[in-house]
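# Structural features, examined
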Amino acid sequence: MDKRQVVTIKGTKDGLSLYLDDTCSFEEILKELNEKLTTEHVSENQPFITVHVKLGNRYLHKEQEEQLRGIVRNKKKLVIHSLESNVLTKEEALEWKKNLEVTTITKVVRSGQVMKVDGDLLLLGDVNPGGSIIASGNIYVMGSLRGIAHAGSKGNQEAIIAASYMEPSQLRIADYISRSPDYESEGAYMECGFIDRHQNKIVIERLQTVIQKRPNFYWEERGISNG
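Quick look at the structure, then. (Residues numbered from 1 in each chain as written. Predicted model: local features only at pLDDT ≥ 70, side-chain atom pairs only at ≥ 80, totals over all residues. Heavy atoms only, no water.)

This part is about the nonpolar core. Within the largest apolar cluster, 23 residues are counted, with the highest numbers of intra-cluster contacts made by Leu 121, Leu 123, Ile 133, Ile 139, Leu 145, Ile 161 and Leu 171. Secondary structure elements with two or more residues in this core: strand S6 (114-117), strand S7 (120-124), strand S8 (132-135), strand S9 (139-145), strand S10 (148-151), strand S11 (161-166), strand S12 (170-173) and strand S15 (201-206). Excluding anything up to four places from it in sequence, Leu 123 contacts Ile 105, Lys 107, Val 109, Met 115, Ile 133, Tyr 140, Val 141 and Met 142. Val 6, Cys 24, Ile 71 and Leu 78 belong to the second largest nonpolar core, which has 21 residues in total. (Core = buried A, V, L, I, M, F, W, Y, C linked by side-chain atoms within 4.5 Å. Buried < 20%, exposed > 50% of the residue type's maximum accessible area, 1.4 Å probe, protein only. Helix = DSSP H or I, 4+ residues; strand = E, 2+ residues; numbered from the N terminus. Contact = heavy atoms within 4.5 Å.)

So, in structure tokens, the structure goes:
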């Protein structure tokens, strides 16, 4: 029977992708990787080739990562660009959990005040002109939003900003910025700001419209019912 391959090398437009079997020992990985990279012929005239390592369900300790990088580094023209693993570290898992949590706060954010949370923010109160609220996730204001709201503060462009009455001095989602809408809001229905990919800017629409455009958003799990 043919020996099972534990290292698969595929060429892409971005360089080389190394797929490492996540069911074998790490020693087997190093041995076969060294053999395969040795047999790969790289011309002296070729530019440096970036290598993307796919670890699958395998986690590497720092020492193992250095061993892997060392083997690739010793081959001419090869440079590791990324190491991708499906396994989260404890710190990454805690950060992921924190960013999924909804922080509920009951208060009025007055002028000059700044409220900042990780994850989603559910504010039961108003944001007055001059007040600011910031969240790494989504922002829901069960009241009037007349100040500044910044959702997706750590770069999440899928975040949204919703308010019962939307009249902000500024909306910001990730690195997109929008000023107050140029129309009068009745304030009778929930309105929502989100990034429209086609227009490449933040737009404000009725919640019902946003639900149609973003059907994969888990409204009920995020604390808002779409019923």
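From this point, things continue past the structure.
So, about the packing of aromatic side chains. This structure, assessed with the given rule, holds zero aromatic pairs. One cation-aromatic arrangement involves Lys 10 over Tyr 19; the distance from NZ or CZ to the ring centre is 5.3 Å. (Phe/Tyr/Trp six-rings, centres within 6.5 Å; stacked < 30°, edge-to-face > 60°. Lys NZ or Arg CZ within 6 Å of the ring centre and 35° of its normal.)

As a further point, take the side chain of His 150. In this structure, His 150 sits in strand S10. Setting aside anything within four residues of it in sequence, one finds His 150 in contact with Ile 133, Ile 134, Ala 135, Ile 139, Arg 172, Ile 173 and Ala 174.

It is worth spelling out the side chain of Ser 178 at this point. For Ser 178, the location among the structural elements is in strand S13 (residues 176-179). For Ser 178, a relative accessible area of 15% puts it in the buried group. Sequence-distant contacts of Ser 178, defined by excluding residues within four places in its chain, comprise Gln 170, Leu 171 and Ile 202.

Pairing within the open sheet is mixed, and its four strands lie in the order S1-S2-S3-S4. In this open sheet, the two strands that pair with only one neighbour each are strand S1 (7-12) and strand S4 (78-85). Strand after strand, the sheet turns through a mean of 25 degrees between neighbouring axes, direction not considered. Where strand S3 (residues 49-56) lies against S4, seven bridges are found, and the strand directions are parallel. When the bridges of S4 are listed, Thr 50 appears paired with Val 79. (Pairing = 2+ DSSP bridges. Axes fitted to C-alpha atoms, helices over the stretch in contact; angles between N-to-C directions.)

Moving on to the sheet that holds S15. Strand pairs in the sheet, formed through backbone hydrogen bonds, run parallel or antiparallel to each other. Strand order in the open sheet formed by six strands is S5-S7-S9-S11-S14-S15, with mixed pairing between adjacent strands. Looking at strand neighbours, the two that pair on one side only are strand S5 (102-106) and S15, the edges of this open sheet. Each adjacent strand pair in this sheet contributes to an overall mean axis angle of 25 degrees, direction not counted. Here S9 runs beside S11; their pairing, made up of five bridges, is parallel.

Scanning the model with the defined rule gives seven salt bridges in all. Put simply, Glu 32 and Lys 36 hold a salt bridge, and the shortest N to O gap is 3.5 Å. With a gap of four residues between them, Glu 32 and Lys 36 both fall in helix H1 (residues 26-39), about one helical turn apart. (Salt bridge = Lys/Arg side-chain N within 4 Å of Asp/Glu carboxyl O.)

With that out of the way, let us pick up unusual backbone geometry. In the Ramachandran plot, Ala 174 falls in the positive-phi region, its phi being about 55 degrees despite a non-glycine side chain. Its location among the elements puts Ala 174 in the loop between S12 and S13. A positive phi is found at Asn 200, a non-glycine position, where the angle reads about 55 degrees. Position of Asn 200 among the secondary structure elements: in the loop between strand S14 (191-196) and S15.

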